[in-house]
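Observations on the model geometry
Spelled out, the chains give:
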Amino acid sequence: MNIFRDSDMTDDEKRDIEDNETIEQPVKFHYDRERRLEKLKRLRRDIPKTPKRRRFFAKKRTRSLLIILIDLILIAAAYYLLTRPANVYLEKEGEGLLYELNINGIRGKRVLIGFTVTSLSEDTIVFSEPVIVTVKLTDRNNNVLTYQRTIESGTILRPDESSSVAFLLAEDELPGSCVLDIYYGNSTLPLFTRNVRF
């Protein structure tokens, strides 16, 4: 191993060593850290901030719950429309009388068909003979169910007074859907005709 002393070295060798030492020294960068951070803050301030919108449906879980909720609402609406109780109200005027038909599904799987006659005349109306009210139900297969009630003879209707007959029928005995005809008295033409679903 050769040990060199400064006295042993020539001037050229000394210069070479000095040049090598200057090359090997790390490069120094002179900057002010605070100025650099201040520049970053200014840049951040200059960028316009877009307001963050909270997306309710962005998460898959929320979206899934919403879809399930909508499905349940649609199923409930369809079930209600298919199984809803019958609810029909019709009225007609003629011969100084107002005829009203009211069909309602009620608890206990029963159907109430009400027929009301109201006097529109200023005179008193007296029924000298009984008047038959007939309910005729015709299903898709042309099977016919007929029910009758009477407004008794001697019934007196003063102005704005009414008389009613009611049919309380078991829903199980009725067709799911049918044509309902109401006949009043001896008429062969129905007073009311309506497609009804029970």
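Use the structure listed above.
A few points on the structure. Every value quoted in this text rests on a predicted model; they were computed, and no experiment measured them. (Residues numbered from 1 in each chain as written. Predicted model: local features only at pLDDT ≥ 70, side-chain atom pairs only at ≥ 80, totals over all residues. Heavy atoms only, no water.)

Here's the deal with the overall build of the protein chain
Our working rule: The secondary structure listing takes helices from DSSP runs of H or I that are at least 4 residues long and strands from runs of E that are at least 2 residues long, numbered from the N terminus. The classification of residues rests on relative accessible area computed with a 1.4 Å probe and restricted to protein chains. Under 20% of the type maximum is buried, over 50% is exposed, and intermediate values are partly exposed. Reported accessibility uses the Shrake-Rupley method at a 1.4 Å probe radius. Residues are deemed covered only where the shown protein chains occlude them.
Secondary structure summary: the protein chain contains three helices and 10 strands in total. Classification of the 198 residues of the protein chain by burial places 24% in the buried group. Split by element, the accessible area of the protein chain, about 16400 Å² in all, is 51% carbon and sulfur.

Digging into the side chain of Thr-138
Applicable threshold: Whether two residues are in contact is decided by their heavy atoms, any of which lying within 4.5 Å being enough.
Structurally, the position occupied by Thr-138 is in strand β5 (residues 131-138). Exposure remark for Thr-138: the relative accessible area of 17% places this residue in the buried category. Apart from residues no more than four positions distant in its own chain, Thr-138 is found in contact with Asn-143, Val-144, Cys-178 and Val-179.

Observations concerning the packing of aromatic side chains
Rules: Working definition: rings of Phe, Tyr and Trp (its six-membered ring) pair if their centres are within 6.5 Å, and the pair is stacked with planes under 30 degrees apart, edge-to-face with planes over 60 apart, and tilted otherwise.
Within this structure, the stated rule accounts for three aromatic pairs. Arranged with centres 6.2 Å apart and planes meeting at 20°, the rings of Tyr-99 and Phe-115 form a pair that is stacked. Remark: Phe-115 occurs in strand β3 (residues 110-119) and Tyr-99 occurs in strand β2 (residues 97-106); sequence separation between them is 16 residues. Note on Tyr-99: relative accessible area 4%, which makes it buried. Note on Phe-115: relative accessible area 0%, which makes it buried. With a centroid separation of 5.8 Å and an interplanar angle of 40°, the aromatic rings of Phe-115 and Tyr-184 are classed as tilted. Here Phe-115 is found in strand β3, whereas its partner Tyr-184 is found in strand β9 (residues 177-184), with 69 residues between them in sequence.

Some words on the sheet that holds strand β1 (residues 87-94)
We apply this condition: In this analysis, strands are considered paired if DSSP registers two or more bridges between them. The convention used is that axes are lines fitted to C-alpha atoms, helices contributing only their stretch in contact, and that angles between N-to-C directions extend from 0 to 180 degrees.
The strand order β1-β2-β3-β8 describes an open sheet built from four strands, whose pairing is antiparallel. Single-partner strands in this sheet number two, and they are β1 and β8 (162-170). The average undirected angle you get between the axes of adjacent strands in this sheet is 10°. Where β3 lies against β8, nine bridges are found, and the strand directions are antiparallel.

Quick word on the pairing of β3
With respect to burial, β3 is a largely interior element, eight of its 10 residues being buried. Across 10 bridges, β2 lies against β3 in antiparallel orientation. When the sheet's bridge partners are listed, Tyr-99 is paired in β3 with Val-117. Where β2 folds back on β3, the antiparallel hairpin that results is connected by three residues, among which Gly-108 adopts a positive phi of roughly 80°.

Digging into the sheet that holds β5
Overall, antiparallel pairing links the four strands, which are arranged β6-β5-β9-β10 in an open sheet. Strand pairing shows two members of the sheet lacking a second neighbour, β6 (144-151) and β10 (192-197), which therefore form its edges. Across the sheet, the mean angle separating the axes of adjacent strands is 20° when strand polarity is ignored. Note that β9 and β10 share six bridges and pair antiparallel. The residue of β10 that forms the bridge with Ser-177 is Arg-197.

Examining the pairing of β1
In terms of strand pairing, β1 meets β2 through eight bridges, oriented antiparallel. Across the sheet, the residue bridging to Tyr-89 is Asn-102, located in β2. The turn linking β1 back onto β2 is made up of two residues, and Glu-95 within it adopts a positive phi angle of 55°.

So, the nonpolar core
For the record, the criterion: Put simply, buried Ala, Val, Leu, Ile, Met, Phe, Trp, Tyr and Cys residues joined by side-chain atoms within 4.5 Å make one nonpolar core.
Ranked by size, the top nonpolar core spans 30 residues in total, and within it Ile-103, Ile-113, Phe-115, Leu-180, Tyr-184 and Phe-198 carry the most contacts. Taken together, the elements giving at least two residues each to this core come down to β1, β2, β3, β5, β6, β8, β9 and β10. Excluding residues that lie within four positions of it along the chain, Leu-180 makes contacts with Leu-101, Ile-103, Ile-113, Val-135, Lys-136, Leu-137, Phe-192, Thr-193, Arg-194, Val-196 and Phe-198.

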